[in-house]
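The chain contents come next:
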Amino acid sequence: MGKIIAIANQKGGVGKTTTAVNLSAAIGAMGHKTLLVDIDPQGNSSSGVGIDRRQKKHTMYEVLIGECTVADAIVKTEFSHLDVVPSSMDLAAAELELVTLEHRESILKKALAPVRENYDYILIDCPPSLGIITTNALCAADTLLVPIQCEYYALEGLSQLMNTVRRVKRQYNELLDMEGVLLTMYDGRLNLTQQVVEEVKKYFPRKVFATVIPRTVRLSEAPSFGKPIRYFDKASKGTEAYQKLAEEITSHDR
């Protein structure tokens, strides 16, 4: 049965979608069947793996409002062992539509259950907010991966995220665990970076990944070509970093 990892941080611009796309591709390239679930209305994970969501009849929006199944919405990508359930702009409206439903927090969990045994890993790219859609992801997930940018306001808003995690654990998903905290846009030459790293390690003792994601132009260029970094530039530092992260996560699971 596939392990479900939610990738979340309500702060935008921290490398959440970059991590969802490139970690999924790296895990898939290792031979693990991987499903990337895009529940961010912006849909950047979908386009990051070359999917034009405007041409897709079925998206996560239809899944969440019950018009189709996850199996109906799955799209095979051109990348090794990687499938995706694309997002839709309509997901922004789904926040309001789900509010009136019973057991609204567990809709995604129920939707993923039938396909879970078909995958080794299911990664969920969450929206940059703590609304009902992110709550759904936390209810469905086994673990939470939190990307944090190496910048001055790195820990801003994290107490809010952790309060949401504690509430979800208490009310809906007591087995939810912390996969780890990922430091992104890392530049070891800067004193500020070292200060942020120390601060994050104090805040999350023993939960910070050994792998850090460097600040690199190639990582920001890859999405415009609809490719994960390893298929865009195999020799880049970004490719190496996400490969190491994939190995760190899968070896821990073994």
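Provided above is the structure to which this section pertains.
Structural notes, computed from the coordinates. (Residues numbered from 1 in each chain as written. Predicted model: local features only at pLDDT ≥ 70, side-chain atom pairs only at ≥ 80, totals over all residues. Heavy atoms only, no water.)

### Focus on the state of the cysteines
Then, in step 1: On inspection of all chains with the given rule, the structure shows zero disulfides.
Then, in step 2: Just so you know, Cys 126 is unpaired, no disulfide at all, and the nearest cysteine sulfur is the one on Cys 139, 11 Å from it.
Then, in step 3: You can call Cys 126 buried: its relative accessible area is 0%. (Disulfide = S-S within 2.5 Å. Buried < 20%, exposed > 50% of the residue type's maximum accessible area, 1.4 Å probe, protein only.)

### Some details on the environment of Tyr 242
Then, in step 1: Topologically, Tyr 242 is positioned in helix α12 (residues 237-253).
Then, in step 2: When the C-alpha positions of Tyr 242 and Val 200 are compared, they lie 20 Å apart, and in sequence the two are 42 residues distant.
Then, in step 3: Apart from the residues within four sequence positions on either side, Tyr 242 is in contact with Gly 15, Thr 18, Thr 19, Asn 22, Leu 23, Ala 26, Leu 182, Ile 213, Leu 219 and Ile 229. (Helix = DSSP H or I, 4+ residues; strand = E, 2+ residues; numbered from the N terminus. Contact = heavy atoms within 4.5 Å.)

### Topic: the side chain of Asp 83
Then, in step 1: Residue placement: Asp 83 occurs in strand β4 (residues 82-85).
Then, in step 2: Once residues within four sequence positions are removed from consideration, Asp 83 is found in contact with Thr 34, Leu 35, Leu 36, Ile 74, Val 75, Lys 76, Thr 77 and Tyr 119.

### Concerning the sheet that holds strand β6 (residues 143-149)
Then, in step 1: Read from one edge to the other, the open sheet built from eight strands follows the order β3-β4-β2-β5-β1-β6-β7-β8, with strand pairing classed as mixed. Pairing within the sheet leaves two strands with one partner each, and these edge strands are β3 (75-76) and β8 (208-214).
Then, in step 2: For strand β7 (residues 177-186) and β8, the ladder comprises three bridges, and the chain directions are parallel. Within β8, the residue paired with Tyr 186 across the bridge is Pro 214.
Then, in step 3: In the packing of helix α7 (residues 132-140) onto the sheet, contacts are made with β1 (3-7), β5 (121-125) and β6, and the angle to β1 comes to roughly 150°. (Pairing = 2+ DSSP bridges. Axes fitted to C-alpha atoms, helices over the stretch in contact; angles between N-to-C directions.)

### Comments concerning the environment of Tyr 203
Then, in step 1: Position of Tyr 203 among the secondary structure elements: in helix α9 (residues 191-203).
Then, in step 2: Of the residues examined, Tyr 203 reaches a relative accessible area of 35% and is grouped as partly exposed.
Then, in step 3: Each C-alpha atom of the pair Tyr 203 and Leu 155 lies 8.5 Å from the other, and the pair is 48 residues apart in sequence.
Then, in step 4: Among residues more than four places away in sequence, those in contact with Tyr 203 are Leu 155, Leu 158, Ser 159 and Met 162.

### With respect to empty space enclosed by the protein
Then, in step 1: Evaluated as defined, the whole model comprises one cavity of 30 Å³ or more.
Then, in step 2: Each pocket or cavity is described by its volume, and for the largest cavity that value is around 30 Å³.
Then, in step 3: Forming the walls of the largest cavity are Asn 22, Ala 26, Ile 229, Arg 230, Thr 239, Tyr 242 and Gln 243.
Then, in step 4: Looking at which element gives the most residues to the lining of the largest cavity, the answer is α12, with three residues.
Then, in step 5: Broken down by class, the residue content of the lining of the largest cavity amounts to three nonpolar, three polar and one charged. (1 Å grid on protein atoms, 1.4 Å probe; cavity = no way out; pocket = protein on both sides within 12 Å on 5 of 7 lines; lining within 4 Å. Points joined across faces, edges and corners; volume = space filled by probe spheres on them. Nonpolar A, V, L, I, M, F, W, Y, C, P; charged D, E, K, R; others polar.)

### Description of the layout of surface pockets
Remark: the empty space left among the atoms is shown by a probe the size of a water molecule rolled over them.
Then, in step 1: Each pocket or cavity is described by its volume, and for the largest pocket that value is around 500 Å³.
Then, in step 2: If you go around the largest pocket, you meet 29 residues; those closest to its centre are Gly 15, Lys 16, Thr 17, Thr 18 and Met 185.
Then, in step 3: Ranked by residues supplied to the lining of the largest pocket, first place goes to helix α1 (residues 16-29) with five residues.
Then, in step 4: A class-by-class count of the residues in the lining of the largest pocket yields 12 nonpolar, 12 polar and five charged.
Then, in step 5: In this model, the second largest pocket occupies a volume close to 210 Å³.
Then, in step 6: Forming the boundary of the second largest pocket are Lys 3, Thr 143, Asp 177, Met 178, Glu 179, Gly 180, Arg 206, Lys 207, Val 208, Phe 209, Glu 248 and His 252.
Then, in step 7: Only β7, β8 and α12 provide two or more residues apiece to the lining of the second largest pocket.
Then, in step 8: Here the element with the most residues in the lining of the second largest pocket is β7; it accounts for four residues.

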